[in-house]
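Descriptive structure summary
Each chain, written out:
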Amino acid sequence: MPRPNPRSHSLLDRIGATGSLLCAIHCALLPVLIALLPSLGVSVLASPGIEKGFVLFATLFGLAVLAWSYRRHRAMRALGLLVPGLLVLWVGVLYPPLHESTVPHAVAMTFGGTLVGLAHVVNLRLNHGHVHDASCAHQH
């Protein structure tokens, strides 16, 4: 398996953090957007399929990047934020009573997206603060 590149880790975590935090902002503003959609003619953005696609992408991207980084820093802090965040997001899109009520759904999606974004920020900090020494788990 190729040795992880620190620049790649940094770029991927920055992309993940930015995307996740943009997702959280999107979810917080979605109730306002839904009210404006008929006048804007862009109701496709509120479709459940789009939302599930975003959550699926966040899941695959987050797990891949954080698992790759875990091999390097061996700290569980980032995964400890990512996993609960992903669980909240999946409950938000798959649990019908929550998905059908606008405000609780928006709160769940905003909270989950924020946790996923913070997981990427923590991972970025863990990778940035990593020092190559005899205690490293990977080859130098």
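Scroll up to find the structure.
A brief structural summary. (Residues numbered from 1 in each chain as written. Predicted model: local features only at pLDDT ≥ 70, side-chain atom pairs only at ≥ 80, totals over all residues. Heavy atoms only, no water.)

1. Here's the deal with the overall build of the protein
Looking only at helices and strands, the protein features five helices and zero strands. Beginning at the N terminus, the succession of helices and strands in the protein can be written as α-α-α-α-α. When burial is assessed residue by residue, the protein has 36% of its 140 residues classed as buried. In the protein, once contacts between residues fewer than 6 apart in sequence are set aside, the share between residues at least 24 apart is 75%. Entry remark: accessible area of the protein is about 8,200 Å², with carbon and sulfur atoms responsible for 72%. (Helix = DSSP H or I, 4+ residues; strand = E, 2+ residues; numbered from the N terminus. Buried < 20%, exposed > 50% of the residue type's maximum accessible area, 1.4 Å probe, protein only. Contact = heavy atoms within 4.5 Å. Areas by Shrake-Rupley, 256 points an atom, 1.4 Å probe, with all protein chains shown as cover.)

2. Focus: the nonpolar core
Counting residues in hydrophobic clusters, the biggest one holds 17 residues, and the most contacted among them are Val 55, Leu 66, Leu 82, Leu 86, Leu 89, Met 109 and Val 116. Those elements that provide at least two residues to this core are α1 (6–40), α2 (48–73), α3 (77–94) and α5 (102–128). The residues touching Val 116, leaving out its near neighbours within four places in the chain, are Ser 20, Leu 82, Gly 85, Leu 86 and Leu 89. (Core = buried A, V, L, I, M, F, W, Y, C linked by side-chain atoms within 4.5 Å.)

3. Quick word on the packing of α3 against α5
Following both chains from N to C, one finds α3 and α5 inclined at 160°, their axes separated by 8 Å at the closest point. Classified by the interaxial angle, the pair formed by α3 and α5 is roughly antiparallel. Remark: the crossing between α3 and α5 carries left-handed chirality. Residue composition of the contact of α3 with α5, grouped by class: 17 nonpolar, six polar and one charged. (Axes fitted to C-alpha atoms, helices over the stretch in contact; angles between N-to-C directions. Parallel < 35°, antiparallel > 145°, perpendicular 65-115°, else oblique. Left-handed = near helix turned anticlockwise from the far one by under 90°. Nonpolar A, V, L, I, M, F, W, Y, C, P; charged D, E, K, R; others polar.)

4. Description of α2
When the terminal C-alpha atoms of α2 are compared, their 36 Å separation across 26 residues agrees well with the 38 Å that a helix rising 1.5 Å per residue should span. After α2 finishes, the residue Arg 74 shows a positive phi value of roughly 55°. (Expected span 1.5 Å × (residues − 1).)

5. A short note on unusual backbone geometry
Positive phi, close to 55°, is recorded for Arg 74, a residue that is not glycine. Among the secondary structure elements, Arg 74 is positioned in the loop between α2 and α3.

6. Brief notes about the packing of aromatic side chains
Under the counting rule described, the total for this entry stands at one aromatic pair. Taken together, a centroid distance of 5.5 Å and an interplanar angle of 25° make the contact between Phe 57 and Phe 61 stacked. Taken together, the positions of Phe 57 and Phe 61, both in helix α2 and four residues apart, correspond to about one turn of that helix. A relative accessible area of 54% means that Phe 57 is categorised as exposed. (Phe/Tyr/Trp six-rings, centres within 6.5 Å; stacked < 30°, edge-to-face > 60°.)

7. What about a nonpolar patch on the surface?
Side chains of Leu 22, Ile 25 and Leu 29 sit close together on the surface and give an oily, nonpolar patch of about 300 Å² of accessible area. Residue position: Leu 22 is located in helix α1. Here Leu 22 falls in the exposed class, since its relative accessible area comes to 53%. (Patch = residues over 30% accessible without salt bridge, like charges linked within 9 Å, V, L, I, M, F, W, Y side chains within 5 Å. Salt bridge = Lys/Arg side-chain N within 4 Å of Asp/Glu carboxyl O.)

8. Considering the environment of Ile 25
Relative to the elements of secondary structure, Ile 25 occurs in helix α1. A C-alpha to C-alpha distance of 9.4 Å links Ile 25 and Met 109, two positions 84 residues apart in sequence.

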